[in-house]
Amino acid sequence: MWNRLLADGVLLLHLVFVLFVAAGGLLALRWRWIPWLHGPALAWGAWIAFSGSICPLTPLENALRRAGGEAGYPGGFVEHYLLPVLYPAGLTRDAQWALGTGLLLFNAAVYALLAWRRRRR
């Protein structure tokens, strides 16, 4: 049971990290120190997307799930609602490249807006 709870915790951490990578630049519009955290996270997320690598949180989660046996109730809230967000079916290399490019373009636009706003002051 503890392994499954830990696996769910890793999955939630993974989801929060993915959301931060994708939209953390928006937080920089409010807090000036966010780019120091978001920049490395964005670089990591883009590298994972472009290289086709797997984030280390994925094998950790899988190991915890295997250790927990995954017996009993076949899928709780976390597995049903959050797993498809992190691991969509049919994810191809082209889709990964498109996601990585969109990720960088979106955040470049946010940081350009941030630079423009700071320059105006």
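Residues numbered from 1 in each chain as written. Predicted model: local features only at pLDDT ≥ 70, side-chain atom pairs only at ≥ 80, totals over all residues. Heavy atoms only, no water.

Draft legend 1. Quick look at the environment of L11. Here L11 shows up in helix α1 (residues 2–28). Between the C-alpha atom of L11 and that of N62, which follows or precedes it by 51 residues, the distance is 9.7 Å. (Helix = DSSP H or I, 4+ residues; strand = E, 2+ residues; numbered from the N terminus.)

Draft legend 2. Representation of helix α2 (residues 34–51) in the model. Compared with the 26 Å implied by 1.5 Å per residue over 18 residues, the 25 Å span of α2 between its first and last C-alpha is a close match. Inspection of α2 places I34, H38, A41, L42, G45, A46, I48 and A49 among the buried residues, and these make up the whole buried set. The arc enclosing the buried residues of α2, seen along the axis, measures out at 155°, which places them on a common side. The outward face of α2, more than 90 degrees from its buried face, is lined by the exposed residues W36 and P40. Where α2 is buried, its residues meet α1 and α5 (93–120). Backbone geometry just after α2 places G52 at a positive phi near 75°. (Expected span 1.5 Å × (residues − 1). Buried < 20%, exposed > 50% of the residue type's maximum accessible area, 1.4 Å probe, protein only. Arc of directions from axis to C-beta. Contact = heavy atoms within 4.5 Å.)

Draft legend 3. Inspection of the pattern of salt bridges at higher detail. For the structure shown, the criterion picks out two salt bridges. Ionic pairing is found between R65 and E61, a salt bridge with its closest N-O pair at 2.9 Å. Highlighted residues: R65 and E61, both in helix α3 (residues 57–68), separated by four residues, approximately one helical turn. For R65, a relative accessible area of 8% corresponds to the buried category. For E61, a relative accessible area of 2% translates into the label buried. (Salt bridge = Lys/Arg side-chain N within 4 Å of Asp/Glu carboxyl O.)

Draft legend 4. Examining the confidence of the model for the protein chain more closely. Summary statistics for the protein chain give a mean pLDDT of 83 and a share of 88% for residues scoring 70 or more. Here helix α4 (residues 77–86) stands out as the least confident element of the protein chain, with mean pLDDT 61; α2 is the most confident, with 92. Ignoring residues within four places in sequence, the model shows residues 71–77, a span with pLDDT below 50, making five contacts including any to other chains. (pLDDT = per-residue confidence, 0-100.)

Draft legend 5. Summary view of the nonpolar core. Counting nine residues, the largest nonpolar core is built from F20, V21, A28, I34, A41, L42, A46, L103 and L114. Elements with a minimum of two residues in this core: α1, α2 and α5. In terms of residue count, the dominant contributor to this core is α2 (four residues). Beyond its immediate chain neighbours, meaning those up to four positions away, L103 contacts V21, A22, L42, G45 and A46. One finds A7, V10, C55 and L64 within the second-largest nonpolar core, a separate group that totals five residues. (Core = buried A, V, L, I, M, F, W, Y, C linked by side-chain atoms within 4.5 Å.)

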